[in-house]
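Survey of secondary and tertiary structure
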Amino acid sequence: MSEISPERLLSIAVRVAREAAATAQRMRDEAIGDVQTKSTSTDVVTAADKAVERQAVAALTAERPGDTVLGEEFGGAAGAEPGAVRWILDPIDGTVNYLYGLPQYAVSLAAEVDGEVVAGVVRNAATGDEWTATKGGGAWRDGRRLSCSTETDLGQALIGTGFGYDARRRAHQGRVLAQMITRVRDIRRLGAASLDLCLAAEGRLDAYFEKGLNPWDHAAGGLIAAEAGMVVTGLDGAPAGPEMVLLAPPALHPVLHDLLVEVDAAGGP
Ligand code: IPD
Ligand code: CA
Ligand code: CA
Ligand code: CA
């Protein structure tokens, strides 16, 4: 176990995330800069994504030189030594929203020790809303402890989800949603997975699922949702991961799980 407490890691994460969010918003207000594409023509990365990641990595390594960092734009440590801290960073989650000026993009930063996320913060850079959690210490926003939805009826559940950038995966997700939409209250696609998980933590979404997320998309938000009472898993007993991130209140989780299996949500590319 790391010698530093989850609470101390969270306070570092919050400070770094606030500075990073301020840079993202300043660049949004002044100039986004160069916009390039990555895996597909719709998978954009701006100069701000890179600048924010550079700044946050520099701040983390200045504060804690022995730690490693995994970030979306520049990669980094696949794992960490036993007991060491690995930071997991999405410098701007919701880059397409950022590009269009839709106020739903965030800095997501988690601290992981021995493969377990122990602290996380998600800060909406446009609005300043900020969600935090420590392992076993609850999920919080503005000094208020969060509780997830208590919905038990899938037909009354508002479900969040997302699409990756791969065209075949998007087509598959379209087929999944076509089968789902008549069996739930409605579906939301807000465009920043980390924020979706925080909205689920405070009951503004009843549940969430997405195939193809990376650790930086769900590390912090997954802890925040779990600490707010959500069950956070993959499918068929697997942990949340690239094949599926599914979160729902305890009573709803098995029902949504079985629907996702039925509609083959983890299938396709
Ligand atoms: C994306 C967003 C989106 C989700 C995608 C992610 P990015 O992250 O979280 O909501 O559906 O799967 O890749 O590229 O904006 O950091
Ligand atoms: Ca991206
Ligand atoms: Ca992301
Ligand atoms: Ca990102």
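This is a predicted model, so every value here is computed, not measured.

1. Some words on the packing of helix H1 (residues 6-30) against helix H2 (residues 47-63)
- The geometry of H1 relative to H2 is characterised by a closest axis approach of 9 Å and an angle of 150° between their N-to-C directions. Comparing the axis directions of H1 and H2 gives the class roughly antiparallel. When the axes of H1 and H2 are compared, the crossing they make is right-handed. On H2, the residues that touch Arg8, Ile12, Arg15, Val16, Glu19, Ala20, Thr23, Ala24 and Met27 of H1 are Ala47, Ala48, Ala51, Val52, Gln55, Ala56, Ala59, Leu60 and Glu63.
- Of the residues assigned to the contact of H1 with H2, the class counts are 12 nonpolar, 2 polar and 4 charged.

2. Structural notes on the sheet that holds strand E15 (residues 245-248)
- The 5 strands are arranged E12-E11-E13-E15-E14 in an open sheet whose pairing can be described as mixed. The strands lining the two open edges of the sheet, one partner per strand, are strand E12 (186-188) and strand E14 (231-233). Sheet twist, expressed as the average angle between the axes of neighbouring strands with direction ignored, equals 20°.
- The strands touched by helix H5 (residues 193-201) within the sheet are strand E11 (158-161), strand E13 (207-210) and E15, with E13 carrying the most contacts at an inclination of about 155°.
- The sheet contacts of helix H7 (residues 253-262) involve E11, E13, E14 and E15, and relative to E15 the element is tilted by about 145°.

3. Some words on the UniProt feature "binding site: Mg(2+) 1" (unreviewed entry) in the chain
- Under the UniProt annotation, the feature "binding site: Mg(2+) 1" (unreviewed entry) is placed at Glu72, Ile92 and Asp217. Sequence-wise these annotated residues cover 146 residues; spatially they are packed, their C-alpha atoms never more than 9.7 Å apart. Considered against the largest pocket, the annotated residues that line it turn out to be Glu72, Ile92 and Asp217.
- Along the chain, glutamate 72 turns up in the loop between strand E3 (68-71) and strand E4 (75-76).
- In this structure glutamate 72 comes out as partly exposed when scored by relative accessible area, which is 21%.
- Contacts of glutamate 72, omitting those with residues within four sequence positions, involve Lys38, Glu53, Leu89, Asp90, Pro91, Ile92 and Trp216.
- With respect to the secondary-structure elements, aspartate 217 resides in helix H6 (residues 215-227).
- A relative accessible area of 11% places aspartate 217 in the buried class.
- Not counting the four nearest positions on each side in its chain, aspartate 217 is found in contact with Asp90, Asp93, Ala193, Ser194 and Leu197.
- For aspartate 217, the side chain forms a polar contact with the main-chain nitrogen of asparagine 214, separated by 2.9 Å.

Conventions and cut-offs
- Counting restarts for each chain, with residues numbered from 1 along the sequence as it is written.
- Ligands are numbered from 1 and chains lettered from A, in the order in which they are written.
- Confidence filtering applies because this is a predicted model: local features only for residues at pLDDT of at least 70, side-chain atom pairs given and counted only at 80 or more, and all residues used for totals across whole chains, interfaces and linings.
- Excluding hydrogens and water, the side-chain values take into account all heavy atoms of the structure.
- In this analysis, axes come from line fits to C-alpha atoms, helices being fitted only over the stretch in contact, and the angle between any two N-to-C directions falls in the range 0 to 180 degrees.
- We count a stretch as a helix when DSSP gives it H or I for four or more residues in a row; a strand needs E for two or more, and each element gets its number in order from the N terminus.
- When describing relative orientation, an angle under 35 degrees is termed roughly parallel and one over 145 degrees roughly antiparallel, while 65 to 115 degrees is termed roughly perpendicular and anything else oblique.
- By definition, turning the near helix anticlockwise from the far helix through less than a right angle yields a left-handed crossing, and turning it clockwise yields a right-handed one.
- Working rule for contacts: check all heavy atoms of both residues, and any pair within 4.5 Å makes them a contact.
- Amino acid classes used here: Ala, Val, Leu, Ile, Met, Phe, Trp, Tyr, Cys and Pro are nonpolar; Asp, Glu, Lys and Arg are charged; the rest, including Gly, are polar.
- Strands pair, by our definition, only if DSSP identifies at least two bridges between them.
- UniProt positions are given in the numbering used here, feature names are shortened, and annotations may be inferred rather than shown by experiment.
- Cavities and pockets were defined on a 1 Å grid built over protein atoms only: a cavity is a set of grid points that admits a 1.4 Å probe from which the probe cannot escape, a pocket is an open set flanked by protein on both sides within 12 Å along at least five of seven lines, and lining residues are those with an atom within 4 Å of any such point.
- Burial classification: accessible surface area is computed with a 1.4 Å probe over protein chains only, and a residue below 20% of its type maximum counts as buried, one above 50% as exposed, and the rest as partly exposed.
- We call two N or O atoms a polar contact when they sit within 3.5 Å, provided that within protein one can donate a hydrogen and the other can accept it, with sequence-adjacent residues counted only if both atoms are side-chain atoms.

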